[in-house]
Amino acid sequence: MKNKDVLLIGAGGDIGQCIMKILTEIGYEVTGTSRDDLELRDPVSVENFLCNQKNSYNHIIFAAAINNPVMFKDIADDYLDDALQVNLIAFLKILRSLLGQMPDTQNSSITMISSLFGLIGRQGRLPYSMSKHAMMGACKTLALELGVRGIRVNTVSPGFIDTKLTRRNIQKTHLTRLSKLIPAGRLGKPREIAEVIAFLLSDKANYINGTDIVIDGGFMAGGFLNYD
């Protein structure tokens, strides 16, 4: 397989683990990071990580994020800073450093996991939604700047996915009610996100650049307005 070297930032979560498993199964060589070896809110950790990077990656995936529910009036200044730092800014700094080593090929890629809440808002999620909206803008600008090098840049926006983070942030009774508002009738599975990301890395996605793919079981199509 050509163009097989992958850096996956955020391999410790449920979706990140699935991405690593699927890509490894189909022949990619994946270097994954978790908070144990890369703490995105810590500039020293980021610097140390970059100092140890000797590989040239064909594909870079960003799957790390923090999402702690809190109403705007109660948000601490530190959390606003952390949300932007962890969910986007640290990654952009890492990417800027690694771009010089990234080969100019007909199919290299950068894929960032965004969220439905990079497209809409939600009460109690201002830091998270703010950072994901910013990610969408970064994606489009990077796609314009890097496309000439053969590097495609896209985002994937999961809906409500059955992960430990989702079950921590949303009560079970609310999840049951929420599932009824999704036309698919259920939460998504981490593997369903990972498989789309695997497609975006492949030659079949050669002409997909600067866009966002929503994976939400139909929720954004209007399912959330179905009160029957």
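Up top is the structure these notes are about.
Summarised in this report is the structure supplied together with it. (Residues numbered from 1 in each chain as written. Predicted model: local features only at pLDDT ≥ 70, side-chain atom pairs only at ≥ 80, totals over all residues. Heavy atoms only, no water.)

### Let's talk about the overall build of the chain
In step 1: Counting secondary structure elements, the chain contains 7 helices and 6 strands.
In step 2: Start at the N end of the chain and walk to the C end: the helices and strands fall as β-α-β-α-β-α-β-α-β-α-α-α-β.
In step 3: Computed over C-alpha atoms, the radius of gyration of the chain comes to 17 Å, within 12% of the 17 Å expected from 2.2 N^0.38 for 228 residues, which places it in the range of a compact globule.
In step 4: For the C-alpha atoms alone, the extent of the chain along its principal axes is close to 50 × 40 × 30 Å.
In step 5: Counting only contacts in the chain whose residues sit at least 6 apart along the sequence, the fraction spanning at least 24 positions is 75%.
In step 6: Here the chain contributes 25 positive and 23 negative side-chain charges, whose respective centroids are spaced 6 Å apart. (Helix = DSSP H or I, 4+ residues; strand = E, 2+ residues; numbered from the N terminus. Rg over C-alpha atoms; globule rule 2.2 N^0.38 Å. Contact = heavy atoms within 4.5 Å. Lys, Arg positive; Asp, Glu negative; His and termini not counted. Charge placed at Lys NZ, Arg CZ, Asp CG, Glu CD.)

### Regarding helix 3 (residues 77-98)
In step 1: Across its 22 residues, helix 3 extends 30 Å between first and last C-alpha, which sits within 8% of the 32 Å expected from 1.5 Å per residue.
In step 2: All of the buried residues in helix 3 are Tyr79, Ala83, Gln85, Val86, Asn87, Leu88, Ala90, Phe91, Ile94, Leu95 and Leu98.
In step 3: If you follow the buried residues of helix 3, they end up packed against strand 1 (5-9), helix 2 (43-51), strand 3 (59-62), strand 4 (108-113) and helix 4 (126-146). (Expected span 1.5 Å × (residues − 1). Buried < 20%, exposed > 50% of the residue type's maximum accessible area, 1.4 Å probe, protein only.)

### A look at the packing of aromatic side chains
In step 1: Taken as a whole and judged by the stated rule, the model has 3 aromatic pairs.
In step 2: A centroid spacing of 6.1 Å and a plane angle of 70° characterise the contact between Phe117 and Phe160, whose relative ring orientation is edge-to-face. Residue Phe117 is found in the loop between strand 4 and helix 4, and its partner Phe160 is found in the loop between strand 5 (151-158) and helix 5 (164-169); the two are separated by 43 residues along the sequence.
In step 3: Taking relative accessible area as the criterion, Phe160 reaches 9% and is therefore assigned buried.
In step 4: Both rings, one in Phe160 and one in Phe219, keep their centres 5.4 Å apart while their planes meet at 80°; by these two values the pair is edge-to-face. Taken together, the positions of Phe160 in the loop between strand 5 and helix 5 and Phe219 in the segment after strand 6 (212-215) put the pair 59 residues apart, joining distant regions of the chain. Each member of the pair, Phe160 together with Phe219, is buried.
In step 5: By the ring-pair criterion, three or more aromatic residues cluster together here, those being Phe117, Phe160 and Phe219. (Phe/Tyr/Trp six-rings, centres within 6.5 Å; stacked < 30°, edge-to-face > 60°.)

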